[in-house]
Protein chains: 4
Amino acid sequence: MPEYNVGILGATGAVGQKFIRLLQNHPWFKIAALGASSRSAGKSYAEAANWIESAELPSSVADIVVKECTAKNFSDVDFVFSGLDASVAGDIELAFATAGIPVISNAKNFRTDPTVPLLIPEVNPDHIQLIDTQTFTKDRSGWIVTNPNCVAVPLTTSLKPLHDHYGIKSVILTSMQAISGAGYPGVPSLDILGNVIPHIGGEESKIHAEPLKLLGTLINGKLTHASFPVQATATRVPVINGHMLSVTVELENKPASEDEVIERYKNWVSPIKELDLPSAPDFPIYYHNSPFYPQPRLHADSEQGMRTSVGKMRKSNVLDLSYIAMAHNTVRGAAGGAILNAELLVRKEYL
Amino acid sequence: MPEYNVGILGATGAVGQKFIRLLQNHPWFKIAALGASSRSAGKSYAEAANWIESAELPSSVADIVVKECTAKNFSDVDFVFSGLDASVAGDIELAFATAGIPVISNAKNFRTDPTVPLLIPEVNPDHIQLIDTQTFTKDRSGWIVTNPNCVAVPLTTSLKPLHDHYGIKSVILTSMQAISGAGYPGVPSLDILGNVIPHIGGEESKIHAEPLKLLGTLINGKLTHASFPVQATATRVPVINGHMLSVTVELENKPASEDEVIERYKNWVSPIKELDLPSAPDFPIYYHNSPFYPQPRLHADSEQGMRTSVGKMRKSNVLDLSYIAMAHNTVRGAAGGAILNAELLVRKEYL
Amino acid sequence: MPEYNVGILGATGAVGQKFIRLLQNHPWFKIAALGASSRSAGKSYAEAANWIESAELPSSVADIVVKECTAKNFSDVDFVFSGLDASVAGDIELAFATAGIPVISNAKNFRTDPTVPLLIPEVNPDHIQLIDTQTFTKDRSGWIVTNPNCVAVPLTTSLKPLHDHYGIKSVILTSMQAISGAGYPGVPSLDILGNVIPHIGGEESKIHAEPLKLLGTLINGKLTHASFPVQATATRVPVINGHMLSVTVELENKPASEDEVIERYKNWVSPIKELDLPSAPDFPIYYHNSPFYPQPRLHADSEQGMRTSVGKMRKSNVLDLSYIAMAHNTVRGAAGGAILNAELLVRKEYL
Amino acid sequence: MPEYNVGILGATGAVGQKFIRLLQNHPWFKIAALGASSRSAGKSYAEAANWIESAELPSSVADIVVKECTAKNFSDVDFVFSGLDASVAGDIELAFATAGIPVISNAKNFRTDPTVPLLIPEVNPDHIQLIDTQTFTKDRSGWIVTNPNCVAVPLTTSLKPLHDHYGIKSVILTSMQAISGAGYPGVPSLDILGNVIPHIGGEESKIHAEPLKLLGTLINGKLTHASFPVQATATRVPVINGHMLSVTVELENKPASEDEVIERYKNWVSPIKELDLPSAPDFPIYYHNSPFYPQPRLHADSEQGMRTSVGKMRKSNVLDLSYIAMAHNTVRGAAGGAILNAELLVRKEYL
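Worth saying up front: this structure is predicted, and the values here are computed from it rather than measured. (Residues numbered from 1 in each chain as written. Chains lettered and ligands numbered in written order. Predicted model: local features only at pLDDT ≥ 70, side-chain atom pairs only at ≥ 80, totals over all residues. Heavy atoms only, no water.)

1. Description of the confidence of the model for chain A
Averaged over every residue, the pLDDT of chain A is 96; the share at 70 or more is 99%. For this predicted complex, the interface score ipTM comes out at 0.96, while the overall pTM is 0.97. (pLDDT = per-residue confidence, 0-100.)

2. Describing the interface of chain B and chain D
At the junction of the two partners, chain B supplies 15 residues and chain D supplies 15 residues. In terms of surface lost to chain D, no three residues of chain B exceed B:S189, B:L190 and B:L193, which account for 46% of the buried area on that side. Counted by class, the side of chain B that touches chain D contains 11 nonpolar, three polar and one charged residues. (Contact = heavy atoms within 4.5 Å. Buried area = accessible area lost by both parts, 1.4 Å probe. Nonpolar A, V, L, I, M, F, W, Y, C, P; charged D, E, K, R; others polar.)

3. Comments concerning helix α1 (residues 14-23) of chain C
Two residues of an α-helix separated by three or four positions point the same way, owing to the 3.6 residues in each turn. All names here are of chain C. Within α1, burial applies to G16, Q17, K18, F19, I20 and L23. Buried residues belonging to α1 abut β1 (4-9), β2 (29-36), α2 (45-48), α3 (59-62), β4 (79-82) and α11 (331-347). Just beyond α1, the residue with positive phi is N25, at close to 65 degrees. (Buried < 20%, exposed > 50% of the residue type's maximum accessible area, 1.4 Å probe, protein only. Helix = DSSP H or I, 4+ residues; strand = E, 2+ residues; numbered from the N terminus.)

4. Comments concerning the packing of helix α5 (residues 152-165) of chain D against helix α7 (residues 203-214) of chain D
All names here are of chain D. Contact geometry for α5 and α7: axes closest at 10 Å, N-to-C directions at 45 degrees. In this view, α5 runs oblique relative to α7, as classed from their interaxial angle. In this structure, the crossing between α5 and α7 has a hand that is right-handed. Contact residues: A152, L155 and T156 in α5; I207, E210, P211 and L214 in α7. The class makeup of the residues in the contact of α5 with α7 is five nonpolar, one polar and one charged. (Axes fitted to C-alpha atoms, helices over the stretch in contact; angles between N-to-C directions. Parallel < 35°, antiparallel > 145°, perpendicular 65-115°, else oblique. Left-handed = near helix turned anticlockwise from the far one by under 90°.)

5. A few points about the relation of the copies chain B and chain A
Least-squares fitting of chain B to chain A yields an RMSD of 0.0 Å, with the transformation described by 0.0 Å of translation along the axis and a rotation of 180 degrees. Here the two chains are linked by the operation of a two-fold rotation axis. Mapped onto chain A, 100% of the interface residues of chain B again fall at the interface, so both copies present the same surface. (Least-squares fit on C-alpha atoms with pLDDT ≥ 70 in both.)

6. Concerning the interface of chain B and chain A
Between chain B and chain A, the residue contacts involve 46 residues of the former and 46 residues of the latter. Buried surface at the junction of chain B and chain A, both sides included, amounts to about 3,500 Å², of which 58% is carbon and sulfur. Considering only the side of chain B, the residues that lose the most area to chain A are B:P198, B:R297 and B:V318, jointly responsible for 16% of the buried surface there. At the junction of chain B with chain A, the criterion picks out four salt bridges. A:E204 is paired through a salt bridge with B:K312; the nearest N and O atoms lie 2.5 Å apart. Counting the contacts that link chain B with chain A gives 30 residue pairs in polar contact (both at pLDDT 80 or more). Contributions of two or more residues to the side of chain B that touches chain A are made by β7 (168-177), α6 (189-192), α7 (203-214), β10 (230-236), β11 (243-251), α9 (296-299), β13 (308-315) and β14 (321-327) of chain B. The element contributing the most residues to the side of chain B that touches chain A is β10(B), with six residues. (Salt bridge = Lys/Arg side-chain N within 4 Å of Asp/Glu carboxyl O. Polar contact = N/O pair within 3.5 Å; in protein donor to acceptor, adjacent residues only side chain to side chain.)

7. Here we look at the sheet that holds strand β3 (residues 67-68) of chain C
All names here are of chain C. The parallel open sheet is built from six strands, whose spatial order is β3-β2-β1-β4-β5-β6. Since the sheet does not close on itself, it has two edges, and those belong to β3 and β6 (144-146), each with one partner. Bridge analysis of β1 against β4 gives four bridges, and the strand direction is parallel. Bridging across to β4, L9 finds its partner in S82. (Pairing = 2+ DSSP bridges.)

8. Quick notes on the domain arrangement of chain A
All names here are of chain A. Domain annotation of chain A identifies domain 1 (4-149 + 335-347) and domain 2 (152-328). Between domain 1 and domain 2 lies a buried interface of about 2,600 Å² when both sides are counted; carbon and sulfur atoms form 67% of it. Considering only the side of domain 1, the residues that lose the most area to domain 2 are E122, V123 and N149, jointly responsible for 28% of the buried surface there. At the surface where domain 1 touches domain 2, the tally comes to one salt bridge. Seen at the junction of domain 1 and domain 2, the total is 12 residue pairs in polar contact (both at pLDDT 80 or more). Mapped by element, the contributors of at least two residues to the side of domain 1 that touches domain 2 are α1 (14-23) and α11 (331-347). Top contributing element to the side of domain 1 that touches domain 2 by residue count: α11, with seven residues. Tallied by class, the residues present in the side of domain 1 that touches domain 2 amount to 16 nonpolar, 10 polar and eight charged. (Domains from an automatic or database assignment.)

9. Digging into the environment of B:I240
Structurally, the position occupied by B:I240 is in the loop between β10 and β11. Relative accessible area serves as the criterion here: at 15%, B:I240 is assigned to the buried category. Along the chain, B:I240 and B:R111 lie 129 residues apart, while their C-alpha atoms are 26 Å from each other. Those residues in contact with B:I240 that sit more than four places away from it in its chain are A:G194, B:A178, B:I179, B:S180, C:R297, D:L190 and D:L193.

10. Some words on the sheet that holds β11(B)
Residues and elements named next belong to chain B. Taken in spatial order, the six strands line up as β10-β7-β11-β14-β13-β12 in an open sheet, and their pairing is mixed. Because the sheet does not close on itself, it has two edges, and the strands there are β10 and β12 (285-288). The sheet shows a mean angle of 20 degrees between the axes of neighbouring strands, direction not considered. Summarising the sheet, β11 and β14 pair through seven bridges and their orientation is antiparallel. Residue pairing for β14: S246 is matched across the bridge by I324. Running over the sheet, α7 touches β7 and β10 and is turned about 145 degrees from β10. Taken strand by strand, helix α8 (residues 258-267) contacts β12, β13 and β14, and its axis lies near 165 degrees from that of β13.

11. A look at the packing of helix α5 (residues 152-165) of chain C against helix α8 (residues 258-267) of chain C
All names here are of chain C. Contact pair α5 / α8: the axes reach a minimum separation of 10 Å and the direction vectors enclose 115 degrees. Considering only the axes of α5 and α8, their crossing is right-handed. From α5, S158, P161, L162 and H165 reach across to α8, where they touch V261, R264 and Y265. Looking at the contact of α5 with α8 residue by residue, the class counts come to four nonpolar, two polar and one charged.

12. Points about the environment of C:L298
Secondary-structure assignment places C:L298 in helix α9 (residues 296-299). Of the residues examined, C:L298 reaches a relative accessible area of 13% and is grouped as buried. The spacing of C:L298 and C:G242 is 56 residues in sequence and 9.5 Å in space, taken between C-alpha atoms. For C:L298, the contacting residues outside a window of four places in its chain are B:I52, B:S54 and C:Y293.

13. Considerations on the pattern of salt bridges
Taken as a whole, this structure holds 48 salt bridges over all chains when the rule is applied. A salt bridge links A:E260 to A:R264; the shortest N-O distance between them is 3.5 Å. Remark: A:R264 and A:E260 occur in helix α8 (residues 258-267); sequence separation between them is four residues, near one turn of the helix. On the basis of relative accessibility, which here comes to 29%, the residue A:R264 falls in the partly exposed class. For B:E204, the salt bridge goes to A:R314, with nearest N and O atoms at 3.8 Å. Of the two residues, B:E204 sits in helix α7 while A:R314 sits in strand β13 (residues 308-315), which places them in two different chains.

So, in structure tokens, the structure goes:
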């Protein structure tokens, strides 16, 4: 396998730090350049970043001099991961793509662009073909791929087997989201210690829209979104990592029993299983038999944080099924998801 | 107002302690006797109880000698509050009622008995007439009244104005329940610190059933339950007091807008307002305008813990309305609710 | 009792909000003016402040228009409470005092000024005479009084009976401080949830110095500080309110037993007891017999947060005594302490 | 390296579970037998244990049938680890040793026995010679080695370089201990959420005594304990794993500066470094330069939980030095420490 030189945009932020930690010892990707705001540019990464990961800052990264996020500064990398804040991601990612540098982004800015894949490798790997419709550069050397919102990931992953077998008619969910989802400094401790906050600004509209693109159908290079309504109540709970979802779904076709559905989860095979991607978990969906599982503190780190855990499946007496889903929000729901996207794109020879 | 001598059954437990604290300085009710298991009988209350309330143990109570829960031991009281555990409440409460001592119970054992009122004074005060159908004693001197499960209280209270104006067709909810709901020692800290547990054993079936009895119609002394389906997912969160509910409802008749619904909450008048009960809050339902409210740590204690707080009302794109409700689980949802029940029964001359 | 019109400087901050809440229904002091930065000036208080107290914003305060903190803007008040940040408190408080407006300050800026009383009414009420040595105005109409750091309050209060009877030779302590001590937004939840932080910038030097001034001796208008060394380790713990101290002291004269010391605490009489100040607690020092007490969550609110709780007194096998002290950091250790200072100054006719 | 068959006594408890997790994939030790109370005997481990580790129960262990803790039942193992509760450990461990089975114990029962090594391999590896003085069996085939209390481990490890260079005269410390130290179910969440408890029953006497044995001198097979006084205040904080200590020490000889002391920590070389034990950390003592470090949530897991982290070293103005120490209480302070003890005993050919 050739080695790829990768850049990280937004490297000093919470998502950027997670990229750095997850890329340590990555078999294919080598951190070659780090980008941040002009305030950090010129400093060593150790100086520029307020390192908040519990694992120590890798010494190989500490001395890298941070650059401003211009395409010229990153001309030597094979592609970039973007952990940029949405307030600047739009312009910068566009500039990189236009300059011929592929962008694997965690930002929301291009997620709704009809030519940009919103990608969960185990859910919609075929959507990467949308790249061929992008026109950022004439030679298609520059392009953009995005990963979904951190709630949309476990939601859509857990809906996928249901959608394939029964057809989703509607979805109601309440999310209980970890504080790490708000970045750093993020949620003040006075707001959340011993408390629940019943609202997260801007979150619910993403949860309503993204599953429909992810479960959309690509025909002749054109993506038709799925069309069921989703209604989310996003809450914040005093948990470090792991977004938990309480989901109720209405189906087109009715399963015979909850056991039938549980079996479908247990027997589900990931469409990218045979690609053997380095960051792919053995069980992209793992079903827990105990109704008290999954729990964020116990299971968010399962399989290096790349698993979606599901449990408590039962028939609903209002709609059809009700269950719990949970995934690590800053790994599977952010940096780890983007890295898996890049791995898929390598195997599919887009990189 | 005459003063009532009251007994407390299960006085050493978490609910019993809350009764004691809430009855301090009560204008009508005076603690005259305390009952617990044979293990505690004969000891002073200070010795027998592991006091866990933050307010100090009232000195007037500390020296009361705890008795076994037999009707004979409580022959001098006007009525008893029961905070007994469900494992023993059935037999003991029956014995008291049969012996002619009214029982205002927080236990679940008689909640489903068709002759026993399941009572929230602001929701179904007329249901107290069911007492007249009870046959525990020939002279009707002994009877039982119960208060609902701690989630059923804010759920049904918040549903009441919707049911009256629009008719409830179905309800889906996720509860985020405080640790105090599990009593003491209750939830191990290793299980819940920085975590969410997605299941509470035995809780969901109560949430499914109790609102239907509470919103039932009493005609000629016979109660017809409401008949819509409720589907609950009960979770435990690291919060001390205050159960929060994320509720989605389907209605028979559709409101014009969410603002119309909010106005109904704001203009809602409690049916017991003019009775001026000592423990009745000014706002049995309080609507918060901020979508970030209510929060358990900020609002569970509002109006001495007797208020149901509601917020974040919005139209649902799956069913009809979605909102947040919250109430103090051990006050409004347990001991405080029982005391308000007793106050109503005094005013209505059952006591 | 005449009513005083008071102003609050720094009214939108965490300490300012606590002043507002504590002055609600105060029998002597009426909030007449609110000051904040130019950014807030001209707005109603409800608009300007991000209200974080759990009690609702008093409606009588919500509509007060916030002013900039200039003496001219506060010419109608009898005195001001200052909850200003240290970065601006020095200049503003000086300007107010110079303009003839008494300042009762929670800021640290003037605490070390030899003419400014650093005051805990139960510890060193006589120090208010230092006011007579102040020269901010010729007619002594303007002056400044300060209250101590939030750790220094329970530390010095609990040391006072020991110092009087035995003489303090040295003090070693570890503080476990609540998050509310850092203001709002203050401590990020990602830093403190399920964690302890072993350092609080700038805190230890205040804890080393302030007890010596507080326990100093005033002779002929000149204050001689006490002279024992104090060594503090200040840590942050995930507690909302209540700083707990683990204290070990060396004494000049040795007590016969720990019981002798406990009796001194229990029999200790506050020097301001007979003044009957509205905010003075019945037990400025309360000794708990259980070694598991005091605890911040159970006892910080005791007596409206104005009590210093002490417990676990025992002989030390290294120095002489070891014990636990605890007080509410934003009430007794900040706004409540300042209000009690003002009450003393009223009774002593400085106001 | 030959493989050792090991038994675990008390296998279903919290410490026993930690043994099982840490021995997964151990290069030398293979779990061959599991012992618990008669209540569990005869069940598979999966049935008998309420598995609370976040890592999944290893499938190789799930089906092992649990036995009662009799020597006969463990005749096939090379030695046993004991995670038994102190209430039963004394008798059972004695029976095993007498029957010729070496016992590596985490229980406190034999820690004070003058012939039983209380062992931290990096602190007092030579103490294993005490085994030769044990008389449980005539042929010395059966013997007992213990590891210290979970606070004594980081305390004594951090004192060791100071004791060697300067001589310890006295120690005062306050511990802030994690909830996992109380086992399961352990600390009720209602007691500790958002709180600190200033006392842990029975803990302080162990902290006073064990460092003196650990730092004792072995001459001609006889151990002379160190003789300085230690005074501890043990508190419980809402942290999952990692006991933090705030330590102040008095020294016989004075260091020139705190930097000199810090250098001694940084240059300290473990006496067992060259033995290359599988569980030995690279840095048994790791000094953090930031005064805000170490923190339990960030650093308890460093080097698989086997490191003692130290920070905030400074001169004390009362005694001589003050610093913070922290280690993972159930790994380094319990099961992990016992496993390292066993590894040392293998290398030294006691096993």
